[in-house]
Amino acid sequence: MPTAHPSSYPLLQSIGEPADLRRLPRGELKPLADELRNFVLESVSRTGGHLSSNLGTVELTVALHYVFNTPEDRLVWDVGHQTYPHKILTGRRERMATLRQLGGLSGFPMRAESPFDAFGTAHSSTSISAALGMALAAKQKGEDRRAVAIIGDGAMSAGMAFEALNNAGVSDCNLLVILNDNDMSISPPVGALNRYLAQLMSGHFYAAAKNVGKQVLKAAPPLFELAKRFEQHAKGMVVPATLFEQFGFNYIGPIDGHDLDSLIPTLENLRDLTGPQFLHVVTKKGRGYGRAEADPVSYHGPGKFDPAVGLQKATAASAPTFTQVFGQWLCDMAAQDTRLVGITPAMREGSGLVEFEKRFPRRYYDVGIAEQHAVTFAAGLACEGLKPVVAIYSTFLQRAYDQLIHDVALQNLPVVFALDRAGLVGADGATHAGAYDIPFLRCIPNMSIACPSDENQCRGLLSAAYAQNHPVAVRYPRGAGAGVAVQPGLEALPFGKGEIRRAAGLGGKPREPGKGIALLAFGTLLHPALAVAEKLGATVADMRWAKPLDLELLLQVAADHEALVTLEDGAVMGGAGSAVLEALQAAAILKPVLQLGLPDRFIEHGDPVKLMAMQGLDAAGIEKSIQERFPALVEKAQAALKLVA
Ligand SMILES: Cc1ncc(C[n+]2csc(CCOP(=O)(O)OP(=O)(O)O)c2C)c(N)n1
Ligand SMILES: CC(=O)[C@@H](O)[C@H](O)COP(=O)(O)O
Ligand SMILES: [Mg+2]
């Protein structure tokens, strides 16, 4: 993919690393920022990726690398989806064409990718904790470096951010926290913090009186200290200390996060102050590209598009995604049962709850980026007889593991967890893979786990989950399923039951009992399994439930075959295949079992179909693994097929 034509970005072309930026005349920073913004738009429109948040951090990124001696001074970007300007200014401009592609640039900061990426992020609200660690490490080692956390207003709503503020506020170290306040999460922001930040922004007097950036204080520290003391005094008299000052930070702002004339002197002042500093900058998500400014939600993470015409509506003909199937099921079930409430931790669009919010606004809860709270909040709702459905990405449920055990499972509360993005997600890479939910859920008493293989099963298993009086997770992958027609009903599939989808020995010739191979599929790997089974004359069972296993089906299949293969789009270790091994062991059935699934390593970003093939989880890979593990059985099975043919 060719990158943007170099001639249109002459200044950007001259920046190989931030030291080049710091050598630029001050007056060239604004034209550089303009080129940088245009390059981000052009590049992301060609590759897809996160856009509106990146357009909003252009000036802030230029100012940070201009004022701070990066990479010796550490920048920790929260979530990190807004770091394309940072990557471009730190020697990765040419590689932006490979963004989120196999072997290409990650969409998030990665320590292995660059020394300028001080900390790997992608799950939100970790930046202040990490930066505090770096600041205290510098102090302990006697190193003169700064640590800066850049955190968005959305990420600021997570408890972990306040845990870090609470600790940092009493830590004698040189930490700067920059709140990038664009008054947006992915969706419009929610919660009291957002309301508070709006008050801060509306306090014009406070901002004007304090606008340190504009009054470019050239003073030597004593004068600045004097001004600071006056300001402390004045604040106490005129304006109640901000929340952040109550946490022990020196709060500056709000200032315009797109105005280099504000940003640079303010950052220069703050860089030279000791103790915990908090800078509140106000930016516009999507800044500089009208369509993204007008609709930062749609342009949060767009695919490829033509900036001249903007995003085009998806063609209606395309098969529904699992997310859409869930969203429709949620509305249908809510219409049937008034006890249903829908909860999302700040992922309304991604989890498919836009329609549900419109139709059932009083039963819809966006709790902000607060997965721990979301789960225990659901437990509270369930205690009072409501039927909560928590729509949450598999990877983000990891953040609420104790709440899952302690507040939901231990009390055996009927909460449904609709786990979207199960398995490999592709472009977002290892940080977002839903690879571990079967292992980490299966060991929790009272929990059940359903693995739909297609869109219809997704509906049926969601209804089955909803009908239970204990916690159930239903896991399904990102994107479209098998493209089967979705039936409108809400009938629940049988709880804990799977079914044989293909019996061996087809073609009229009965197979000897106890011979041949059986494939036990958990979820969408059923489809490549069916393809392989045709060639191997194997039986295929759609197990549907990782917990409880359909023991009757399993023991029957084990008795009828001489070898078993388990397939799951999740970690092999502790996964559904392990459950099969445990069950056979408990029944003293000794049959060879080949477990296929994700390996014990993190899988990088890339095209999800290619990534699954690389793990040997496409039909060719599955067949190859079976051939290698059971060569004699395969040979025998294929010979038998020839007889039948
Ligand atoms: C723990 C966690 N939950 C949810 C997400 C999904 N997510 C990514 S960006 C985002 C919104 C972040 O808002 P903000 O911090 O204000 O950044 P902005 O996009 O406005 O620049 C969310 C919810 C995540 N990355 N991590
Ligand atoms: C940065 C972040 O965590 C989200 O924007 C995430 O990338 C969304 O993932 P989907 O694109 O799968 O909804
Ligand atoms: Mg924001």
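Residues numbered from 1 in each chain as written. Chains lettered and ligands numbered in written order. Predicted model: local features only at pLDDT ≥ 70, side-chain atom pairs only at ≥ 80, totals over all residues. Heavy atoms only, no water.

For the chain, the count of helices and strands is 28 helices and 17 strands. A compact globule built from 645 residues should have a C-alpha radius of gyration of about 26 Å, and the chain, at 27 Å, falls within 12% of that. Seen along its three principal axes, the alpha-carbon backbone of the chain occupies a region of about 95 × 60 × 50 Å. Evaluated residue by residue, the chain yields a buried proportion of 58% over its 645 residues. With 60 positive and 65 negative side-chain charges, the chain shows a separation of 1 Å between the mean positions of the two kinds. (Helix = DSSP H or I, 4+ residues; strand = E, 2+ residues; numbered from the N terminus. Rg over C-alpha atoms; globule rule 2.2 N^0.38 Å. Buried < 20%, exposed > 50% of the residue type's maximum accessible area, 1.4 Å probe, protein only. Lys, Arg positive; Asp, Glu negative; His and termini not counted. Charge placed at Lys NZ, Arg CZ, Asp CG, Glu CD.)

Within a beta sheet, neighbouring strands are joined by backbone hydrogen bonds and run either parallel or antiparallel to one another. Taking strand neighbours across the sheet as the criterion, the five strands line up as β1-β2-β3-β5-β4 in an open arrangement whose pairing is parallel. The outermost strands of the open sheet, each flanked by one partner alone, are β1 (74–77) and β4 (250–256). Strand-to-strand twist of the sheet, defined as the mean angle between neighbouring strand axes without regard to direction, takes the value 20 degrees. Most of the contacts of helix α7 (residues 127–141) go to strand β2 (residues 147–152), to which it runs at about 175 degrees, and overall it touches β1, β2 and β3 (175–181). (Pairing = 2+ DSSP bridges. Axes fitted to C-alpha atoms, helices over the stretch in contact; angles between N-to-C directions. Contact = heavy atoms within 4.5 Å.)

In this section: the coordination of the magnesium ion (ligand 3). Reference geometry at the metal: tetrahedral coordination by four donors gives ideal angles of 109.5 degrees; octahedral coordination by six donors gives 90 or 180 degrees. Taken together, D153 (OD), N182 (OD1) and M184 (O) make up the full set of protein donors to the magnesium ion (ligand 3), lying 2.0 to 2.2 Å away. Taken in chain order, the donor set of the magnesium ion (ligand 3) reads D-x28-N-x1-M. For the residue pair N182 and M184, the accessibility class agrees, reading buried in each case. (Donors = N, O, S within 2.8 Å, 3.2 Å for Na, K, Ca; no water.)

Here we take up the side chain of T61. With respect to the helices, strands and loops of the structure, T61 is situated in helix α5 (residues 58–67). Aside from chain neighbours lying at most four places away, what touches T61 is W77, P85, H86 and L89.

According to UniProt, the "binding site: thiamine diphosphate" (unreviewed entry) feature falls on H81, A122, H123, S124, G154, A155, N182, Y289 and E371. For this annotated set, covering 291 residues, the C-alpha atoms extend up to 31.8 Å from each other, a dispersed arrangement in space. Here H81 is to be found in the loop between β1 and α6 (84–92). Looking at H81, the relative accessible area reads 13%, which means it is buried. (UniProt positions renumbered as here; feature names shortened; annotations may be inferred.)

Looking now at the site of ligand 1. In the neighbourhood of ligand 1, 22 residues make up the surrounding shell, with H81, A122, G154, K285 and E371 lying closest. G154 has a polar backbone atom sitting 2.7 Å from an oxygen atom of ligand 1. A distance of 2.7 Å is found between a nitrogen atom of ligand 1 and a side-chain nitrogen or oxygen belonging to E371. Burial of ligand 1 by the protein amounts to 98% of the accessible area it has alone, namely 590 Å². Of the residues assigned to the shell around ligand 1, the class counts are nine nonpolar, nine polar and four charged. Two domains share the shell around ligand 1, each providing at least three of its residues, namely domain 1 (6–203 + 239–294) and domain 2 (322–475). (Near = heavy atom within 4 Å. Polar contact = N/O pair within 3.5 Å; in protein donor to acceptor, adjacent residues only side chain to side chain. Areas by Shrake-Rupley, 256 points an atom, 1.4 Å probe, with all protein chains shown as cover. Nonpolar A, V, L, I, M, F, W, Y, C, P; charged D, E, K, R; others polar. Domains from an automatic or database assignment.)

As a further point, take the packing of helix α15 (residues 322–336) against helix α22 (residues 455–466). Interaxial distance between α15 and α22 falls to 10 Å at its minimum, and their mutual angle equals 40 degrees. With respect to their mutual orientation, α15 and α22 come out oblique. Both α15 and α22 take part in a crossing whose hand is right-handed. Across from F322, V325, F326, Q328, W329, D332 and M333 in α15, the residues of α22 making contact are E455, C458, R459, L462, S463 and Y466. Partitioning the contact of α15 with α22 into residue classes produces eight nonpolar, two polar and three charged. (Parallel < 35°, antiparallel > 145°, perpendicular 65-115°, else oblique. Left-handed = near helix turned anticlockwise from the far one by under 90°.)

What the domain assignment lists for the chain is domain 1 (6–203 + 239–294), domain 2 (322–475) and domain 3 (500–644). For domain 1 versus domain 2, the separation of C-alpha centres amounts to 32 Å. Counting each side, the surface lost to burial between domain 1 and domain 2 is near 1400 Å², with a carbon and sulfur contribution of 52%. Scanning the region where domain 1 abuts domain 2 turns up one salt bridge. In this structure, the salt-bridge partner of R100 is D428, at a minimum N-O distance of 3.0 Å. On the surface where domain 1 and domain 2 come into contact, there are six residue pairs in polar contact (both at pLDDT 80 or more). (Buried area = accessible area lost by both parts, 1.4 Å probe. Salt bridge = Lys/Arg side-chain N within 4 Å of Asp/Glu carboxyl O.)

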